[in-house]
Amino acid sequence: MAETVSAPRGSSSTPDTPAAPSGKPSDASRPGQVRTSPERVPAAPAAVPSRPTPVAGTSIGRSVRLFRACRREQVDPAGFYSLLAADSVHQLSQFTSLTGALILDVGGGPGYFRSAFQQAGARYFWVEPDISEMSAGGIVEPGRVLGSALDMPFATASVDVCYSSNVLEHVPDPWRMCAEMVRVTRPGGVIFLSFTNWLSPWGGHETAPWHYLGGHRAARRYERRTGVPPKNLYGTSLFSVSVTDALAWARAREDIQIMDAMPRYLPTWAKPILRVPGVREIVTWNLAMVFRRR
């Protein structure tokens, strides 16, 4: 997904509609921010509430398709993200109803997940810090918001579901982004967060597997081989995030209930891998965590 980096305070804006202050006392302690209640973001046209065909969570075939699509993400992003979007709808539907739910996609890039969530009956909008990334897919429907995942321009407790896919490893302060996702979710709402952990085989993204020898070394090798620097540049738009640290962060929070944690692309019976330190950092590949806001 798109690289998500910190934006200057007060720089957030909505390409489709000007932001409006939320007027909530909880936002007053954040000077210079324009907090928008998601209800004020224009709703996208009503979608037929039909759900994409779900993929069985125990299927090896599902894992093979996702791994293959993941490896082609750089050359076929639309293909990868459309498959992942349908899979995400299926996964999220196991924890909450999406019909009529207000969903915020953090780091949503050009909005590849928009169609799948709307077909499931959700009201979808997304925040993205990079205007060029936001426009890459040619999606110009209402619901786009320009802003940072580290200080999101939305009111506290204003969304039903806060979703983020493959973005956490692209922010310089991942736990601040996680805290922001919790903040904007209403009590009883659901947070779905997934990321590619650094020590997974795809942790270096296009520089993998050479990232095992060091992120900077892998980036230099990539540039020597291709003549251009990698899109996901270690230390700038790609950072090391571990399964261990993510689980520890979640367990230390008193304002969320951990509903599930899983290797996202693996069958559900692979969950015990998360109990094995060291091994989980390599085998998990991509960690998905689901929380309920207390």
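Residues numbered from 1 in each chain as written. Predicted model: local features only at pLDDT ≥ 70, side-chain atom pairs only at ≥ 80, totals over all residues. Heavy atoms only, no water.

Points about the packing of aromatic side chains
- Using the criterion set out here, one finds 11 aromatic pairs in the structure.
- Both rings, one in phenylalanine 67 and one in tyrosine 265, keep their centres 5.9 Å apart while their planes meet at 85°; by these two values the pair is edge-to-face. Of this pair, phenylalanine 67 sits in helix H1 (residues 60-71) while tyrosine 265 sits in the loop between strand E6 (256-263) and helix H8 (279-283); the two residues are 198 residues apart in sequence, bridging distant segments of the chain.
- Ring centres of phenylalanine 117 and tyrosine 124 lie 5.8 Å apart, and the angle between their planes is 10°; this geometry places the pair in the stacked category.
- For phenylalanine 117, a relative accessible area of 0% puts it in the buried group. (Phe/Tyr/Trp six-rings, centres within 6.5 Å; stacked < 30°, edge-to-face > 60°. Helix = DSSP H or I, 4+ residues; strand = E, 2+ residues; numbered from the N terminus. Buried < 20%, exposed > 50% of the residue type's maximum accessible area, 1.4 Å probe, protein only.)

So, helix H5 (residues 174-184)
- Here H5 lies mainly inside the structure; 8 of its 11 residues are buried.
- For H5, the complete set of buried residues consists of Pro174, Met177, Cys178, Glu180, Met181, Val182, Arg183 and Val184.
- Among the structural elements, strand E1 (102-106), strand E4 (159-165), strand E5 (185-196), helix H7 (243-252), E6 and strand E7 (286-293) are those in contact with the buried residues of H5. (Contact = heavy atoms within 4.5 Å.)

Notes on the confidence of the model for the chain
- In this model, the chain carries a mean pLDDT of 82, and residues with pLDDT of at least 70 account for 77%.
- Below pLDDT 50 for its whole length, residues 1-34 participates in 91 contacts with residues either more than four positions away or in separate chains.
- Long-range and interchain partners of residues 39-56, a stretch whose pLDDT sits below 50, account for 39 contacts in this model, where long-range means more than four residues apart. (pLDDT = per-residue confidence, 0-100.)

Quick word on a nonpolar patch on the surface
- On the surface, a nonpolar cluster with roughly 470 Å² of combined accessible area is contributed by Leu199, Tyr212, Val276, Val279, Ile282 and Val283.
- By the element assignment, valine 283 lies in helix H8. (Patch = residues over 30% accessible without salt bridge, like charges linked within 9 Å, V, L, I, M, F, W, Y side chains within 5 Å. Areas by Shrake-Rupley, 256 points an atom, 1.4 Å probe, with all protein chains shown as cover. Salt bridge = Lys/Arg side-chain N within 4 Å of Asp/Glu carboxyl O.)

Quick notes on the packing of H1 against helix H2 (residues 77-93)
- In the contact formed by H1 and H2, the axes pass within 9 Å of each other and the chain directions differ by 140°. As summarised for this structure, H1 and H2 are arranged oblique, according to the angle between their axes. Handedness of the crossing formed by H1 with H2: left-handed. On H2, the residues that touch Arg62, Arg65, Leu66, Ala69 and Cys70 of H1 are Phe80, Leu83, Leu84, Asp87 and Gln91.
- Class assignment for the residues of the contact of H1 with H2 results in 6 nonpolar, 1 polar and 3 charged. (Axes fitted to C-alpha atoms, helices over the stretch in contact; angles between N-to-C directions. Parallel < 35°, antiparallel > 145°, perpendicular 65-115°, else oblique. Left-handed = near helix turned anticlockwise from the far one by under 90°. Nonpolar A, V, L, I, M, F, W, Y, C, P; charged D, E, K, R; others polar.)

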